[in-house]
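Chain residues, written in single-letter form:
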Amino acid sequence: FALAAPLVLGTRGIPGLFRTPSEDWYQIPELRTIDEILATIDVPAVVFVTPPSDDAPAEAEAVYNLGVASPDDARVVRAHDLGRRNVELLDYYAQRQPVRRVYHYDRHNRGLTDLGPVTELAGEPRERLLERFDELSLRWRARYAALLTEVGYDPPQMPFDVPPKSEWLWSDYATESAPAAESGSPSTRPSP
């Protein structure tokens, strides 16, 4: 047994012999769709990508910049949509690579929105820009705030600006555990 055990256990790491779900991350259809959509961008760009919706597996990470030594070297830089915090990255690229355009990709509706050149956006009044990113990210932030609160996180621990509980709407991200809307009003998830 002492001689055979290392041999058997050592074969677990051989690719293809013992397949794991994480080995197939590149075969997730949603990720291929995102790659195809972002490939249509023909200018240097920054794309803010929302978190996955319910139909994506946990390992479906769409924010990566492969094949470059630094994300700044990528033609299309993928970044997590963090709501108001997107302005920090916008300021960074306005100073260092002002030729980039800014896009927002919503994984829930598979929509790519062209927000404009980074220099124009950086020139907008700060409060207007913060409101714009707030509006683009409200649906996913509301959903994730509710989910993370349910599993014990406090809002200050979350890496994004948490919307007020009154805005934790579930109409766009309806799940089986969300209550139905009453008399035409949007459904809200009960507070934990």
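In case you missed it, the structure is sitting above this.
Residues numbered from 1 in each chain as written. Predicted model: local features only at pLDDT ≥ 70, side-chain atom pairs only at ≥ 80, totals over all residues. Heavy atoms only, no water.

**Section: the pattern of salt bridges**
Taken as a whole and assessed by the stated rule, the structure comprises 13 salt bridges. Glu 30 is paired through a salt bridge with Arg 110; the nearest N and O atoms lie 3.9 Å apart. Taken as a pair, Glu 30 in helix α2 (residues 29-39) and Arg 110 in the loop between β3 (101-106) and β4 (111-117) lie far apart in primary sequence, 80 residues in all. For Arg 78, the salt bridge goes to Asp 35, with nearest N and O atoms at 2.6 Å. Residue Arg 78 is found in strand β2 (residues 76-80), and its partner Asp 35 is found in helix α2; the two are separated by 43 residues along the sequence. When salt bridges that share partners are traced, they join Arg 84, Glu 127, Asp 134 and Arg 141 into one network. (Salt bridge = Lys/Arg side-chain N within 4 Å of Asp/Glu carboxyl O. Helix = DSSP H or I, 4+ residues; strand = E, 2+ residues; numbered from the N terminus.)

**A few points about the pairing of β3**
Across the 6 residues of β3, 5 count as buried, placing the element largely inside the fold. Pairing between strand β1 (residues 45-49) and β3: 5 bridges, direction parallel. The partner of Val 46 across the bridge, within β3, is Val 102. Relative to β4, β3 is paired through 6 bridges, and the arrangement is antiparallel. Counterpart to His 104 in the pairing with β4 is Thr 113. Counted between consecutive antiparallel strands, the loop separating β3 from β4 contains 4 residues, among which Arg 110 sits at a positive phi close to 60°. (Buried < 20%, exposed > 50% of the residue type's maximum accessible area, 1.4 Å probe, protein only. Pairing = 2+ DSSP bridges.)

**A short note on helix α5 (residues 126-150)**
At Ser 137, α5 is bent by approximately 60°, the largest bend along its length. Turning to α5, its buried residues are Leu 129, Leu 130, Phe 133, Asp 134, Ser 137, Trp 140, Arg 141, Ala 142, Arg 143, Ala 145, Ala 146 and Thr 149. At its buried positions, α5 is contacted by β1, α3 (86-96), β4 and α4 (118-123). Trailing α5 by a residue or two, Gly 152 shows a phi angle of about 105°, which is positive. (Bend = angle between axes of the 7 residues up to and from the residue. Contact = heavy atoms within 4.5 Å.)

**As for the sheet that holds β3**
The sheet built from 4 strands is open, its strands ordered β2-β1-β3-β4 with mixed pairing. At either margin of the open sheet sits one strand with a lone partner, and together these are β2 and β4. If you compare each strand with its neighbour and ignore which way they point, the axes differ by 25° on average. The sheet strands contacting α2 are β1, β2, β3 and β4, and the helix crosses β2 at an angle near 130°. (Axes fitted to C-alpha atoms, helices over the stretch in contact; angles between N-to-C directions.)

**What about the nonpolar core?**
Core analysis: the biggest nonpolar cluster contains 15 residues, and Phe 48, Leu 90, Val 102, Leu 121, Leu 129 and Phe 133 have the highest contact counts within it. Those elements that place two or more of their residues in this core are β1, β2, α3, α4 and α5. Setting aside anything within four residues of it in sequence, one finds Leu 121 in contact with Leu 90, Val 102, Leu 115, Gly 116, Leu 129 and Arg 132. Core analysis: the next-biggest nonpolar cluster, separate from the first, contains 14 residues, Ile 28, Ile 41, Ala 45 and Val 47 among them. (Core = buried A, V, L, I, M, F, W, Y, C linked by side-chain atoms within 4.5 Å.)

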